[in-house]
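Coordinate analysis (summary)
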Amino acid sequence: MISPRVRIGVLGLALLTALSSPATATAAGPAAPGSAAPPTVEELRLDGDVPQEILRRSGFDTVAPAFARALDRAGSYAEARRAVEREGSALWRRAVDRVQGRGPAGGDLSRDDDRPLYWARLGMTRELRGWEPRFGLDAERRARLVDALERTSRGQTAIRYPHGKGLKRVLVTGFDPFTLDRDIRISNPSGAVALALDGTVIETASGPARVETAVFPVRWRDFTDGTVERALRPHLPEVDLFTTVSQGRVGRIDVERTNGAWRGGFGDNENTGRPEIVPVSDPASQPQWTSTTLPYAAIVAAETGRFPVYDNTAVTEIPAGGTEPVQRPDGPTPGSTARAGGGGDYLSNEIAYRATLLRDRLGLHGTLPGGHVHTPVLEFGAGNTTEVTDPQFVRNRLDIVAQVRAIVAVAVSASERARG
């Protein structure tokens, strides 16, 4: 997503429709110190008919009530922390298992759906914010519990690779649904990719590759607080390839060549945002641009699925000595200031920028293939403006997941050939 000043057709934009998302939901005021906290903007959407139908038709409507009972059994902060980590991890495992066909479906919603995880997590965080335990719980400790719940239920604490030779290690990330005030039925195919690929082994021309995944929120504040770096830093030195994934444009997949150090500030899932440079540690050494090290030429050339795949080289910059943004179809010019990467100026560009900047700061630019892939927009079937799912919607999501899996296989093989 980028500013309306930039022509949308030039860029491969993730999270595109956020431009038109109205800021309709509002949260209550701040809580008094030590008291229960009010629900967030995201959590206030939970009681709508669509979220409740998704939860009911997947069997995930039992998650938040069970979590509330687990909290009520906690007699101390340490017990509460253990309950939060246990229940958050269980939600992630349950979501992965459902998508990958293990255990009961819980209802008639197709197994490939990423939305039960999103709405069930919000039910849990809302319970945690409103919980009034028998022991004292100040705002700082409550925030720590919420953070632990977020991390565990997103798979960020469950990334583990088996030891041994011959097995390549791949890290893939996805996102929550977003633009929910525009259409609360929205699913995010990148989140579906993460659930479908987590813990799986992909057979590639260079041998088997073990994939671990995590999901990230569509919230500026989490990125400002370093959630991407905290989740990825322990693992980038041990993996053979990584790719962040998000939803991009209709009917196409983009491998983003360049990422920019600028956030446009359009509304996130909390309806907040402001234009500013991407805030990172050590800003004095912060580059305006980072680049992919994925084997983009091989990915574009391969037959991976029904959606065309593009090497997207476009950016928007303020040229050196200039004052106005200029679109560049072939990447940034020397000394320019970033205004949009190939993936725009929303959180998809930002996760790509942060992950590749972290790669570079760890000294891995020349050895670790990594970058960003934009999936097609996940569309409902023609004429469906009210139902939470339909056969075309399911087929589109399954095809996107399968094609991303194939792209990962191509990327692993091509990277191994390049290493010689």
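The paragraphs below set out a description of the structure included in this document. (Residues numbered from 1 in each chain as written. Predicted model: local features only at pLDDT ≥ 70, side-chain atom pairs only at ≥ 80, totals over all residues. Heavy atoms only, no water.)

Quick word on the side chain of Thr227
Stated formally: What counts as a helix is a DSSP run of H or I of at least four residues, what counts as a strand is a run of E of at least two, and both are numbered from the N terminus. Note on exposure labels: buried denotes an accessible area under 20% of the residue type's maximum, exposed denotes more than 50%, and partly exposed covers the range between, all computed with a 1.4 Å probe on protein chains only. Here, residues are in contact when the closest pair of their heavy atoms is within 4.5 Å.
Along the chain, Thr227 falls in helix α9 (residues 227-232). In this structure Thr227 comes out as buried when scored by relative accessible area, which is 9%. Residue contacts for Thr227: discarding those within four places in its chain leaves Gln156, Phe216 and Asp222.

Looking at the sheet that holds strand β2 (residues 201-204)
Defined as follows: Only strands that DSSP links by at least two bridges are regarded as paired with each other. In this analysis an axis means a line fitted to C-alpha atoms, helices contributing only their contacting stretch, and an angle means the value between N-to-C directions, from 0 to 180 degrees.
The strand order across the open sheet formed by 7 strands is β2-β3-β1-β4-β14-β5-β10, and the pairing between neighbours is mixed. Two strands bound the open sheet, and with one partner strand each, they are β2 and β10 (309-312). Strand-to-strand twist across the sheet, computed as the mean angle between neighbouring axes with direction ignored, equals 30 degrees. Strand direction decides the pairing type here: strand β1 (residues 168-175) and strand β3 (residues 207-216), joined by 8 bridges, are parallel. Paired with Val170 across the two strands is Val211, which belongs to β3. Packing of helix α7 (residues 189-197) onto the sheet brings it into contact with β1, β2, β3, β4 (241-247) and β14 (370-375), and relative to β1 it is tilted by some 145 degrees. The strands touched by helix α12 (residues 391-419) within the sheet are β1, β2, β3, β4, β5 (253-256), β10 and β14, with β2 carrying the most contacts at an inclination of about 55 degrees.

Some points on the pattern of salt bridges
Quick note on the threshold: We define a salt bridge as a contact between a side-chain nitrogen of Lys or Arg and a carboxyl oxygen of Asp or Glu at a distance within 4 Å.
Using the criterion set out here, one finds 39 salt bridges in the structure. Across the pair Arg169 and Asp240 runs a salt bridge whose closest N-O atoms are separated by 3.6 Å. With Arg169 in strand β1 and Asp240 in the loop between α9 and β4, this residue pair connects regions lying 71 residues apart in the sequence. Overall, Arg169 belongs to the partly exposed group, its relative accessible area being 27%. Residue Asp240 is classed as buried on the basis of its relative accessible area, which comes to 16%. Among the charged side chains, a salt-bridge network with shared partners connects Glu42, Arg121, Glu150, Arg154, Asp176, Arg219, Arg221, Asp222 and Glu270.

Here's the deal with the nonpolar core
The tendency in soluble globular proteins is for nonpolar side chains to be buried side by side. In plain terms, the rule: Put simply, buried Ala, Val, Leu, Ile, Met, Phe, Trp, Tyr and Cys residues joined by side-chain atoms within 4.5 Å make one nonpolar core.
Counting residues in hydrophobic clusters, the biggest one holds 68 residues, and the most contacted among them are Val84, Trp119, Leu128, Trp131, Leu145, Val170 and Ile299. Per element, the largest residue contribution to this core is 10 residues, and it comes from α12. Trp131 has contacts with Ala36, Leu71, Asp72, Ala74, Ala80, Leu137, Arg142 and Leu145, leaving out every residue within four places of it along the chain.

Some remarks on unusual backbone geometry
What you tend to see is this: most non-glycine residues have negative phi, and most peptide bonds are trans. With a phi angle near 50 degrees, Thr179 is a residue other than glycine that sits in the positive phi range. With respect to the helices, strands and loops of the structure, Thr179 is situated in the loop between β1 and α7. On the accessibility criterion, Thr179 (5% relative accessible area) is buried. Of note, Asp282 is a non-glycine position whose phi angle comes to about 50 degrees, a positive value. With respect to the helices and strands, the residue Asp282 is situated in the loop between β8 (276-277) and β9 (289-291). Here Asp282 falls in the partly exposed class, since its relative accessible area comes to 46%.

Notes on the side chain of Glu256
Stated precisely, the cut-off is as follows: This count recognises Lys and Arg as positive and Asp and Glu as negative, with His and chain-terminal groups excluded.
Counting through the fold element by element, Glu256 comes out in strand β5. Although Glu256 is buried, it forms no salt bridge, and the closest oppositely charged side chain is Arg249 at an N-O distance of 6.7 Å.

Details of the packing of aromatic side chains
Rule in force here: Whether two aromatic rings pair depends on their centres lying within 6.5 Å, for rings of Phe, Tyr and Trp, where Trp uses its six-membered ring; planes under 30 degrees apart make the pair stacked, over 60 edge-to-face, and the rest tilted. Geometrically, a charge over a ring is one whose NZ (Lys) or CZ (Arg) sits within 6 Å of the ring centre while staying within 35 degrees of the ring normal.
Evaluation of the coordinates by the stated rule reveals 6 aromatic pairs. One aromatic cluster is present, built from ring pairs that chain together Phe175, Phe216 and Phe223. For Arg94, the ring lying beneath its charged end belongs to Phe60, and the centroid distance is 4.4 Å. Looking at Arg257, its charged tip hangs above the ring of Tyr296, at a distance of 3.9 Å from the centre.

Thoughts on the environment of Trp119
In this fold, Trp119 is placed in helix α5 (residues 115-130). Trp119 sits in the buried class, given a relative accessible area of 0%. Taking the C-alpha atoms as reference, Trp119 lies 35 Å from Val300; in sequence the two are 181 residues apart. Setting aside its immediate chain neighbours within four residues, Trp119 contacts Glu42, Arg45, Leu46, Pro51, Ile54, Leu55, Leu180 and Ile184.

Nothing here speaks to function; it is geometry throughout.
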